[in-house]
Amino acid sequence: MPDVLTIPPSGASRAEIRRIVEVLLGGGLAALPDETGYVLCGSPLEGDAIGRLLDVCPTAQTGLSCLDGEAAEDLAPPEAWTPAAARLARRCWPGPLVLEFPADPSASLWGEWPEPVRRWLTTTGRVRLSCSAHPLWRELLRELPWPLAAAVATHAQPTQRFESIADVQQRCGTDVSLLVDAGPPRYQGRATVMRIAADHCELTEEGIIGRWTVTQLASEIVLFVCTGNTCRSPMAEALFRKMLAERLHCEEEDLPERGYLVLSAGLATTPGMPASEHAAALMREVGIDLTGHQSQPATAELLNVADHIITMTSSHRESIGARFPEILPRVRLLSPHGQDISDPFGGGREDYVRCREEIQTCLRRLLDHLLAPSSQREEFIR
């Protein structure tokens, strides 16, 4: 009978972590908790462990669990680690999302692993990568020099996850060396699976993260930033969304399906403020309704997920860089010539008209950069 290790809600002790590591390094299988159930796992460098996984688990429900997106990138074919894959890894991991890539042993790190591992990973022509949010996995993967080979179901019941340690015992018997019991999973449901290709990504299994949410999370986010998020950035957001939809020949509400999400925020704003009266009036003149706009602050979370952060002035860019220097490469002025967009706040209609015209002129250049082939977008991304 396999050993059973019970982990308290406060987390595993160092001794318990070492015990699990010993089993995995010795070629044994361990049943570990994650946020959606229990996972059968072993070392990808141990042929015996992989052989046992092959005996009890279907290839369609197996994969590699990584510490983070950087580790996952080393395991994916370079051409398949697309901007969409990188965005999903940055925004969803750790969490209940699986990224599925074409299997190409010659083009990634796991191509150097033992033959049983390559066979296990390439049976379906694809490899699944995940990053569990369960704290036990974070501790384990920091101790191990490689990801874990993981399976979430057995060959006899390929669509039924392990819901508990008792479930693992009943369905796997003595094939598992160690059972780690941490109680019920956090979520009642399956992980969402996104299939990544060089030119697109596709939702293949809708799970805890719904279709609309994962579509937005995979989108290229353009964030316009000003001070109060009531004048300049709302106008820039609305105008850019309209121009982008026209260029892509789609409706504005379909932009996330086309891979784009356009937002705005303020560095010093009160949440929920409407667009200024003049800004709303000028947008109505070009067929845009700003009556539903509500200001939002440029939080660390929002800035972190944005791919392109477009500021109205150099002081806005400097302020973001001072607070979050790591994201400064994704921050640029709206003006391609480095000029500030004039602030119409407190002014009359003429001031707002001038501001709108400045924004529209700059947005045309921004749109050309955004829709240019990746090889031609270096200047914009910098």
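What you see is a predicted model, and the numbers here were worked out from it, not measured in a lab.

A separate point is the packing of helix 1 (residues 14-25) against helix 6 (residues 135-143). Relative orientation of the contacting elements helix 1 and helix 6 amounts to 65°, with a least axis distance of 10 Å. Like other packed secondary-structure pairs, helix 1 and helix 6 cross with a definite hand, here right-handed. Here R14, I17, I20 and V21 of helix 1 lie close against helix 6, whose contacting residues are L136, E139, L140 and E143. Here the residues of the contact of helix 1 with helix 6 sort into 5 nonpolar, no polar and 3 charged.

Quick look at the packing of aromatic side chains now. All chains considered together, the criterion is met by 2 aromatic pairs. Each ring, one from W81 and one from F101, has its centre 5.7 Å from the other, and the planes form 25°; the classification is stacked. Remark: F101 occurs in strand 5 (residues 95-102) and W81 occurs in the loop between helix 3 (69-73) and helix 4 (83-92); sequence separation between them is 20 residues. For the pair W81 and F101, a shared accessibility class is recorded, and that class is buried. Aromatic pair F224 and F240: ring centres 5.5 Å apart, planes at 65°, arrangement edge-to-face.

Before going further, it helps to spend a moment on the environment of T174. Relative to the helices and strands, T174 is located in the loop between helix 7 (165-172) and strand 8 (178-181). Through-space distance from the C-alpha of T174 to that of L29 is 10.0 Å; in sequence the pair is 145 residues apart.

On to helix 4. Taking burial as the measure, the 10 residues of helix 4 include 7 buried ones, the bulk of the element. Those residues of helix 4 lying buried are A84, A85, R87, L88, A89, R91 and C92.

Right, let's talk about the nonpolar core for a bit. Within the largest apolar cluster, 44 residues are counted, with the highest numbers of intra-cluster contacts made by L40, F101 and L129. Among residues more than four places away in sequence, those in contact with L129 are L64, C66, A72, L75, A76, W93, L97, V98, L99 and F101. L239, C250, A275 and M312 belong to the second largest nonpolar core, which has 37 residues in total.

Right, let's talk about the sheet that holds strand 12 (residues 260-266) for a bit. Strand order in this open sheet of 4 strands is 12-11-13-14, and the pairing throughout is parallel. Here the strands that pair on one side only, and so sit at the sheet edges, are strand 12 and strand 14 (331-333). Neighbour-to-neighbour, the strand axes of the sheet open up by a mean angle of 25°, direction not taken into account. Across 3 bridges, the pairing between strand 13 (residues 308-311) and strand 14 is parallel. From the neighbouring strand, I310 faces strand 14, where its bridge partner is R332. Across the face of the sheet, helix 13 (residues 349-370) comes into contact with strand 11 (220-226), strand 12 and strand 13 while running at roughly 155° to strand 11.

Turning to unusual backbone geometry, a few remarks are in order. The amide bond that connects W93 to the next residue, P94, takes the cis arrangement and shows omega of -5°. Looking at the secondary structure, you find P94 in the loop between helix 4 and strand 5. A positive phi angle, near 60°, is found at H249, a position not held by glycine. Of note, H249 is situated in the loop between helix 9 (232-248) and strand 12. The exposed category is assigned to H249, whose relative accessible area is 73%.

Summary statistics for the chain give a mean pLDDT of 89 and a share of 93% for residues scoring 70 or more. The secondary structure element of the chain with the lowest average pLDDT is helix 14 (residues 378-381), at 33, and the one with the highest is strand 13, at 98. When the criterion is pLDDT under 50, residues 375-382 qualifies, and its contacts beyond four places in sequence or with other chains add up to 15 contacts.

Bringing the pairing of strand 2 (residues 30-34) into the picture now. With 5 of 5 residues buried, strand 2 lies mostly within the body of the structure. Burial along strand 2 is two-sided: the face carrying A30, L32 and D34 and the face carrying A31 and P33 are both buried. Bridge count between strand 2 and strand 8: 2 bridges; the pairing is parallel. Across the sheet, residue A30 finds its bridge partner in strand 8, namely L178.

The sheet contact formed by strand 4 (residues 62-65) and strand 6 (residues 126-131) spans 2 bridges and is parallel. From the neighbouring strand, L64 faces strand 6, where its bridge partner is L129.

Mapped onto the elements of the fold, T311 is located in strand 13. Overall, T311 belongs to the buried group, its relative accessible area being 0%. Those residues in contact with T311 that sit more than four places away from it in its chain are V225, H316, R317, I320, V331, R332, L333 and L334.

A cluster of acidic residues, E251, E252, E253, D254 and E257, forms a negative patch on the protein surface. Mapped onto the elements, E252 comes out in the loop between helix 9 and strand 12. A residue is classified by how much of its surface remains accessible, and E252, at 31% relative accessible area, is partly exposed.

Before going further, it helps to spend a moment on the packing of helix 9 against helix 13. One can describe the packing of helix 9 onto helix 13 by two numbers: an axis separation of 9 Å at closest approach and a directional angle of 45°. Between helix 9 and helix 13, the crossing angle belongs to the class labelled oblique. Handedness of the crossing formed by helix 9 with helix 13: right-handed. On helix 13, the residues touching R232, M235, A236, L239, F240, M243, L244 and R247 of helix 9 are Y352, C355, R356, I359, Q360, L363, R364, L366, L367, D368 and L370. For the contact of helix 9 with helix 13, a count of residues per class yields 13 nonpolar, 1 polar and 5 charged.

Definitions and cut-offs
Residues numbered from 1 in each chain as written. Predicted model: local features only at pLDDT ≥ 70, side-chain atom pairs only at ≥ 80, totals over all residues. Heavy atoms only, no water. Axes fitted to C-alpha atoms, helices over the stretch in contact; angles between N-to-C directions. Helix = DSSP H or I, 4+ residues; strand = E, 2+ residues; numbered from the N terminus. Left-handed = near helix turned anticlockwise from the far one by under 90°. Contact = heavy atoms within 4.5 Å. Nonpolar A, V, L, I, M, F, W, Y, C, P; charged D, E, K, R; others polar. Phe/Tyr/Trp six-rings, centres within 6.5 Å; stacked < 30°, edge-to-face > 60°. Buried < 20%, exposed > 50% of the residue type's maximum accessible area, 1.4 Å probe, protein only. Core = buried A, V, L, I, M, F, W, Y, C linked by side-chain atoms within 4.5 Å. Pairing = 2+ DSSP bridges. pLDDT = per-residue confidence, 0-100. Patch = residues over 30% accessible without salt bridge, like charges linked within 9 Å, V, L, I, M, F, W, Y side chains within 5 Å. Areas by Shrake-Rupley, 256 points an atom, 1.4 Å probe, with all protein chains shown as cover. Salt bridge = Lys/Arg side-chain N within 4 Å of Asp/Glu carboxyl O. Lys, Arg positive; Asp, Glu negative; His and termini not counted. Charge placed at Lys NZ, Arg CZ, Asp CG, Glu CD. Parallel < 35°, antiparallel > 145°, perpendicular 65-115°, else oblique.

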